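Here are the chains, one letter per residue:
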Amino acid sequence: MPSISNPGTFAERTQKSPREVGGGFVGGLRARDPFNGGGLMGVIARYREHLPIGPNTPEVDLHEGSTPLVESRNIARALGLKQLFFKYEGVNPTGSFKDRGMVVAVAKALEAGHRVLMCASTGNTSASMAAYAARTGVRAIVVVPSGEIALNKLSQALMYGAKVVAIKGGFDKALETVRELCHRYPVALMNSINPHRIEGQKTAAYEVIDTLGEAPDYLLLPVGNAGNITAYWKGFREYHAAGRSTRLPRMVGAQADGAAPIVTGQPVANPRTVASAIRIGNPASWEGATSARDESGGAIEAVTDTEIISAQIRLAGSEGLFCEPASAAPLALLFRLVQSGRIEKEATAVVVLTGSGLKDPDAALKNVEPPIELEGDARTLAKVLKL
Ligand code: F0G
């Protein structure tokens, strides 16, 4: 009999041969509950026929994608807007939309024989890449702008076992360094200039149409390195061409005032904004963003940090949806466009909430009331609460 200090293998404890035990799990059990993890399938399984996946592409899956499209209860009413939905990407496995593109890019990198993955990141890409690298047993190296990424995103990359390198000079410098290294060494470049990232990310546009049965009038999202707006526009055009929607949305991108190269038409040498995820001065997919804007008849505009934080707090406080600062930028822009009549009240709008509020709560916390410190009993508490 195995003792507690030497509990033996699982097979010994269950009195079965290893083969019986192993066979039971490896060959047999699968999640059959359609509610498991929100979606039954990951991005690759759900949209395989629209993705560059072949018989030799390894299976990679963390149940990413299939995120909820949550209808606004209070903000739409306050704005007088007919229909407003939030594509809640923060519930992806690593807490941001990056998982959609990363799962496809990692599968393709493995298929090509890569064993080392690398990216530059303002935080979310690094967390996502590190998770999929951990899952598939390959090396992850992430290069982040020193002192500029949210602690929670950094903790994710470290916990998933990535090698983290912090370099001075902001995201743009980090990306330049990574691009050069990947060009010279057998290391897979996992930033959104990797076309497989865009392929995976476009599935979010498919999901919006699959859920609504039609494309919305407006799709609003934050723009940093500009991969996501490029990907959504590709997804919308493909579904439209396939007859899955009868129209295309106007694409509306939000940048932050201090980091708005696409709005001003000039790279920004020292981008500044509270929304560290989109603190980028020279977006790699610049042209993808301007094409999406111009072909769709949309807009890319900048909002202030104050507008961003106030939209983030309002979203959390009136809809129960907590997003990170970058994700609140398009909501801030929506407020402005509806109030100035540039988005008509009869419209249907979808705002993409790209990352979870738990990623980066610090900035918002400075703008909400701190907890009440109390010593005393229920009566004292009731008095403080003015009940
Ligand atoms: N929202 C969040 C939460 C992000 O993390 C990013 C980008 C964006 C929006 C902008 O998307 O770059 O495709 O235009 N984060 C990248 C990163 C740069 O490294 O995690 P984009």
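Each value, and the rule that gives it
Residues numbered from 1 in each chain as written. Predicted model: local features only at pLDDT ≥ 70, side-chain atom pairs only at ≥ 80, totals over all residues. Helix = DSSP H or I, 4+ residues; strand = E, 2+ residues; numbered from the N terminus. Buried ≥ 20, exposed ≤ 12 C-beta atoms within 10 Å, placed from the backbone. Contact = placed C-beta atoms within 7 Å. Pairing = 2+ DSSP bridges. Right-handed = clockwise from strand over helix to strand, strands pointing away. pLDDT = per-residue confidence, 0-100. Core = buried A, V, L, I, M, F, W, Y, C linked by C-beta atoms within 7 Å. Domains from an automatic or database assignment. Near = placed C-beta within 6 Å. Nonpolar A, V, L, I, M, F, W, Y, C, P; charged D, E, K, R; others polar. Axes fitted to C-alpha atoms, helices over the stretch in contact; angles between N-to-C directions. Parallel < 35°, antiparallel > 145°, perpendicular 65-115°, else oblique. Left-handed = near helix turned anticlockwise from the far one by under 90°. Expected span 1.5 Å × (residues − 1).

Colleague: Any chance you could explain the overall build of the chain here in plain terms?
Modeller: Helices and strands together make up the secondary structure of the chain, namely 17 helices and 10 strands. Within the chain, the proportion of its 387 residues that are buried is 49%. For the chain, long-range pairs separated by at least 24 residues make up 70% of all intrachain contacts whose partners lie at least 6 apart in sequence.

Colleague: Which parts of the structure should I look at to understand the pairing of strand E5 (residues 163-167)?
Modeller: The side chains of a regular strand alternate between both faces of the sheet. Note: strand E4 (residues 139-145) against E5, five bridges, orientation parallel. Paired with Val 144 across the bridge in E5 is Ala 166. Once the chain exits E4 it traverses helix H7 (residues 151-159) before rejoining the sheet at E5, and the crossover so formed is right-handed.

Colleague: Looking at this model, I keep getting lost on the confidence of the model for the chain. Mind explaining?
Modeller: Segments scoring low in pLDDT should not have their predicted coordinates read at a detailed level. On average, residues of the chain score 92 in pLDDT, and 90% of them reach the 70 mark or higher. Counting interchain partners and residues more than four positions distant, the pLDDT-below-50 stretch residues 1-26 has 14 contacts.

Colleague: What's the story with the nonpolar core in this structure? I'm lost.
Modeller: Inside soluble globular proteins, nonpolar side chains tend to come together where they are buried. Ranked by internal contacts, the top residues of the largest apolar core, which has 110 residues, are Val 106, Leu 220 and Ala 329. Examining the composition of this core, we find that nine residues originate from one element, helix H15 (residues 325-339), more than from any other. The two domains that each donate at least three residues to this core are domain 1 (69-96 + 197-359) and domain 2 (98-194). Beyond its immediate chain neighbours, meaning those up to four positions away, Leu 220 contacts Val 252, Ala 254, Pro 330, Leu 333, Leu 334, Ala 349, Val 351 and Val 352.

Colleague: Please explain the site of the ligand as it appears in this structure.
Modeller: Around the ligand, the surrounding shell holds 22 residues, and the nearest of these are Ser 121, Gly 224, Asn 225, Thr 354 and Gly 355. Sorting the residues of the shell around the ligand by element identifies helix H6 (124-136), helix H11 (227-241) and H15 as the ones contributing at least two each. Residue composition of the shell around the ligand, by class: six nonpolar, 14 polar and two charged. Residues lining the shell around the ligand come from more than one domain, with at least three contributed by each of domain 1 (69-96 + 197-359) and domain 2 (98-194).

Colleague: Can you walk me through the environment of Leu 151 in this structure?
Modeller: The residue Leu 151 is located in helix H7 in this model. For Leu 151, a count of 12 C-beta atoms within 10 Å puts it in the exposed group.

Colleague: Looking at this structure, I do not really get unusual backbone geometry. What am I missing?
Modeller: For Ser 66, which is not glycine, the phi torsion reads 50° and is therefore positive. Structurally, the position occupied by Ser 66 is in the loop between helix H3 (43-47) and strand E1 (69-71). Positive phi outside glycine occurs at Ala 226, with the angle close to 75°. Counting through the fold element by element, Ala 226 comes out in the loop between strand E7 (218-222) and H11. For Ala 226, a count of 25 C-beta atoms within 10 Å corresponds to the buried category.

Colleague: Help me understand the sheet that holds strand E8 (residues 250-256) in this model?
Modeller: What links the strands of a sheet is backbone hydrogen bonding, and the strands pair in either a parallel or an antiparallel sense. Spatially, the six strands line up as an open sheet ordered E1-E2-E10-E7-E8-E9, and their pairing is mixed. Looking at which strands have only one partner, the edges of the open sheet turn out to be E1 and strand E9 (299-303). Each strand axis lies, on average, 25° off the axis of its neighbour in the sheet, ignoring direction. Here E8 runs beside E9; their pairing, made up of five bridges, is parallel. Considered in E9, the bridge of Val 252 is made with Ala 299. Where helix H13 (residues 286-296) meets the sheet, it contacts E8 and E9, and its direction lies at approximately 140° from that of E8.

Colleague: Please explain the packing of helix H5 (residues 98-111) against H6 as it appears in this structure.
Modeller: A pair of packed helices is captured by two measures, namely the crossing angle of their axes and the spacing between those axes. Across the interface, H5 lies against H6 with an axial gap of 9 Å and an inter-helix angle of 45°. By the angle class used here, H5 and H6 are oblique. Considering only the axes of H5 and H6, their crossing is right-handed. Taking contact as the criterion, the partners of Lys 98, Asp 99, Met 102, Val 103, Val 106 and Leu 110 in H5 are, on H6, Asn 124, Thr 125, Ser 128, Met 129, Tyr 132, Ala 133 and Thr 136. Taken together, the residues that form the contact of H5 with H6 break down as seven nonpolar, four polar and two charged.

Colleague: Sorry if this is basic, but what is going on with H6 here?
Modeller: Because an α-helix completes one turn every 3.6 residues, residues spaced three or four positions apart along the sequence face the same direction. In this model, H6 (13 residues) spans 19 Å end to end at C-alpha, consistent with the 18 Å of a helix rising 1.5 Å per residue. Within H6, 10 of the 13 residues are buried, leaving the element largely enclosed by the surrounding structure. Looking only at H6, the buried set comprises Asn 124, Thr 125, Ser 126, Ala 127, Ser 128, Met 129, Ala 130, Ala 131, Tyr 132 and Ala 133. Buried residues belonging to H6 abut H5, strand E3 (116-120), E4 and H7.

Colleague: Explain the sheet that holds E3 to me, please; I cannot follow it from the model alone.
Modeller: Spatial strand order, E5-E4-E3-E6: four strands in an open sheet with parallel pairing. The sheet terminates laterally at E5 and strand E6 (188-189), the two strands that pair on one side only. In the sheet, E3 pairs with E6 via two bridges, with the strands oriented parallel. Across the sheet, residue Met 118 finds its bridge partner in E6, namely Leu 189.

Colleague: Which parts of the structure should I look at to understand the packing of H11 against H13?
Modeller: Where H11 contacts H13, the two axes come as close as 8 Å, and the packing angle between them is 45°. Here H11 is positioned oblique relative to H13, judged by the angle of their axes. Classified by chirality, the crossing of H13 by H11 is left-handed. Here Ile 229, Thr 230 and Trp 233 of H11 come into contact with H13, specifically with Gly 288, Ala 289, Ala 292 and Ser 296.

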